[in-house]
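Listed below are the residues making up each chain.
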Amino acid sequence: MSVSVTPKAARQIRKALDQRGGGYGLRVAVKTSGCSGYAYALEFAESPSPEDLRFESEGVQLLVDAKSLPLVDGTQLDWVREGLNEGFKFNNPNATASCGCGESFAV
Amino acid sequence: MSACQSQPNAGPSCSTGTMPPAVPFTLPEGATPIVISDAVVAKVSEMLTEEGDPNLKLRIFVTGGGCSGFQYGFAFDDVAKDDDLCVEVGVIKVLVDSSSLQYVVGAQIDYEESLEGSRFIIKNPNAASTCGCGSSFSV
């Protein structure tokens with residue numbers, strides 16, 4: 001089981017860590033919420049916890065807790081620019097549906 | 001109906017729905033068209049400097065599609081059309097075409113930067129439901 005990042009995502013993670021003055025790496029977690037049942041959560045990590053699994057990809061450290069890992073196994077995190085917006089994108093082979101968010105609404 | 005329907009894995013935007021009708025729209029008298037935050041002004045002026053073209057305007061538009069039926073679009077445009085609403089805030093100009101305007105009257109336009117990414121967002125009082133996720137999925 002593993003997670004990885006693209007070179008672009010790795011650059012962005014390093015930049016974000018530099019801007020906040022350092023840190024161990026990026027924590028990738030899954031929470032039960034959002035439109036489709038689960039939502040990704042990203043946060044800076046100062047150090048690994050005992051229940052974390054550690055992955056190194058493109059020179060950055062990624063932490064995933066044991067509960068989240070089956071839901072994100074094989075995920076590649078990318079950094080994409082869509083129009084004027086940019087952000088992380090999760091290419092998750094486990095996801096059967098996803099929701100292209102914030103941009104969509106009903107009246 | 002649930003607040004947000006998920007669609008089969010169909011790429012970044014969930015679906016291409018029907019286009020909003022191209023009905024000319026007149027702003028009701030006294031209505032606040034749109035509210036632009038300071039963060040938008042700061043980001044757009046920074047982007048204009050990067051682009052090297054101070055004449056570019058931020059265009060906000062609504063198209064059919066997405067999980068909930070309509071979706072917002074943001075782009076730069078150097079030409080204002082006759083039926084555009086043009087809002088000038090500080091050094092930036094914001095355009096909304098008249099058929100999109102009816103869906104966003106009174107909306108607040110903001111710019112958010114976080115670890116997850118940077119994006120223009122709309123707080124829209126006309127929206128009955130939104131697909132307001134960081135990034136949501138099902139397995």
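Residues numbered from 1 in each chain as written. Chains lettered and ligands numbered in written order. Predicted model: local features only at pLDDT ≥ 70, side-chain atom pairs only at ≥ 80, totals over all residues.

A. Structural view of the overall build of chain B. Helix and strand counts for chain B come out as 2 helices and 10 strands. Along chain B, from the amino end to the carboxyl end, the secondary structure elements read β-β-α-β-β-β-β-α-β-β-β-β. Across the 139 residues of chain B, 33% fall into the buried class. Sequence-distant contacts, at least 24 apart, represent 62% of the contacts inside chain B between residues at least 6 apart. (Helix = DSSP H or I, 4+ residues; strand = E, 2+ residues; numbered from the N terminus. Buried ≥ 20, exposed ≤ 12 C-beta atoms within 10 Å, placed from the backbone. Contact = placed C-beta atoms within 7 Å.)

B. Focus on the pairing of strand E8 (residues 117–123) of chain B. E8 of chain B sits mainly inside the fold: 5 of its 7 residues count as buried. As judged from the 2 bridges shared by strand E7 (residues 85–91) of chain A and E8 of chain B, these two strands associate in the antiparallel manner. From the neighbouring strand, Glu-86 of chain A faces E8 of chain B, where its bridge partner is Ser-118 of chain B. One ladder, built from 7 bridges, connects strand E7 (residues 107–114) of chain B with E8 of chain B; its direction is antiparallel. (Pairing = 2+ DSSP bridges.)

C. Seen up close, the sheet that holds E7 of chain B. Strand order in the open sheet formed by 6 strands is E1(A)-E6(A)-E7(A)-E8(B)-E7(B)-E2(B), with mixed pairing between adjacent strands. On the outer flanks of this sheet lie strand E1 (4–5) of chain A together with strand E2 (34–36) of chain B, each paired with one strand and no other. Where strand E6 (residues 76–82) of chain A lies against E7 of chain A, 7 bridges are found, and the strand directions are antiparallel. Bridging across to E7 of chain A, Asp-78 of chain A finds its partner in Lys-89 of chain A. Sheet strands touched by helix H1 (residues 7–19) of chain A: E1, E6 and E7 of chain A. Its angle to E6 of chain A, the strand with the most contacts, is close to 85°. In the packing of helix H1 (residues 38–51) of chain B onto the sheet, the strands contacted are E2, E7 and E8 of chain B, and the crossing angle to E7 of chain B comes to about 65°. (Axes fitted to C-alpha atoms, helices over the stretch in contact; angles between N-to-C directions.)

D. Region of interest: the nonpolar core. Core analysis: the biggest nonpolar cluster contains 22 residues, and Ile-60, Val-94, Val-104 and Ile-109 of chain B have the highest contact counts within it. Per-element accounting of this core gives the leading share, 4 residues, to strand E6 (residues 92–96) of chain B. In contact with Ile-60 of chain B, not counting residues within four places along its chain, are Tyr-72, Phe-74, Val-94, Val-96, Ser-100, Val-104 and Ile-109 of chain B. Membership of the second largest hydrophobic core comes to 17 residues, among which are Val-28, Leu-42, Val-60 and Leu-62 of chain A. (Core = buried A, V, L, I, M, F, W, Y, C linked by C-beta atoms within 7 Å.)

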